[in-house]
Amino acid sequence: TIYFFYPETGSRSLEEIAAKVVHQPDAELAILLVARADWHQPAPQLGVCLCRRTWSNGICVDFLTVDPRDASPRRRRIGGVGRGLLFLVTEVAEAIRAKTIGGEATPLSAPAYRHMFGDPQIEDFFRLSRRAYRRFRATVRAKWLESALP
């Protein structure tokens, strides 16, 4: 599910957001991505990601989290939610032809970002060029096709 924070834009799809950027090149937009599964209990939310389109056409990941009950190594029932949310961020980036995707890493998230993005240098922050985020998208898509996910 994708929620766009500025209701006055009327944007509800990636195509509409891309059109908004074409008509207002310096538009700053906030986007909330929510991973949901109706079967997930006690609530359908698996994770959320808040990101922004900056005035200079970058994407900034402000916040990304998964349900801690599912992320705990001892209780891990579901995997790939964070990766899936980041994949959606790259879909937004591709739709608006973003130059980069960046964000802050924490002690808990930095190892995951290093692994997912293939960059052992990630510490406090990550910044992906268009080439790097496209490589990430292609890798994730290939893994999903291998595992027969939709």
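Small disclaimer: the values here were computed from a predicted structure and weren't measured.

Cut-offs and rules
- Residues numbered from 1 in each chain as written.
- Predicted model: local features only at pLDDT ≥ 70, side-chain atom pairs only at ≥ 80, totals over all residues.
- Heavy atoms only, no water.
- Helix = DSSP H or I, 4+ residues; strand = E, 2+ residues; numbered from the N terminus.
- Buried < 20%, exposed > 50% of the residue type's maximum accessible area, 1.4 Å probe, protein only.
- Contact = heavy atoms within 4.5 Å.
- Areas by Shrake-Rupley, 256 points an atom, 1.4 Å probe, with all protein chains shown as cover.
- Pairing = 2+ DSSP bridges.
- Polar contact = N/O pair within 3.5 Å; in protein donor to acceptor, adjacent residues only side chain to side chain.

From N to C terminus, the protein chain includes 5 helices and 6 strands. Burial status across the protein chain gives 38% buried among its 150 residues. Look at the contacts in the protein chain between residues 6 or more apart in sequence, and 55% of them connect residues 24 or more apart. Just so you have it, the protein chain exposes about 9,100 Å², and 56% of that area is on carbon and sulfur atoms.

Right, let's talk about the pairing of strand E5 (residues 100-104) for a bit. With 4 of 5 residues buried, E5 lies mostly within the body of the structure. One ladder, built from 5 bridges, connects E5 with strand E6 (residues 125-129); its direction is antiparallel. Within E6, the residue paired with Gly103 across the bridge is Phe126.

Relative to the elements of secondary structure, Lys99 occurs in the loop between helix H3 (81-96) and E5. Distance in space between the C-alpha atoms of Lys99 and Tyr133 is 9.7 Å, their sequence separation being 34 residues. What Lys99 contacts, discounting residues up to four positions off in sequence, is Ser56, Asn57, Leu128, Ser129, Arg130 and Tyr133. Separated by 2.9 Å, the side chain of Lys99 and the backbone oxygen of Ser56 make a polar contact.

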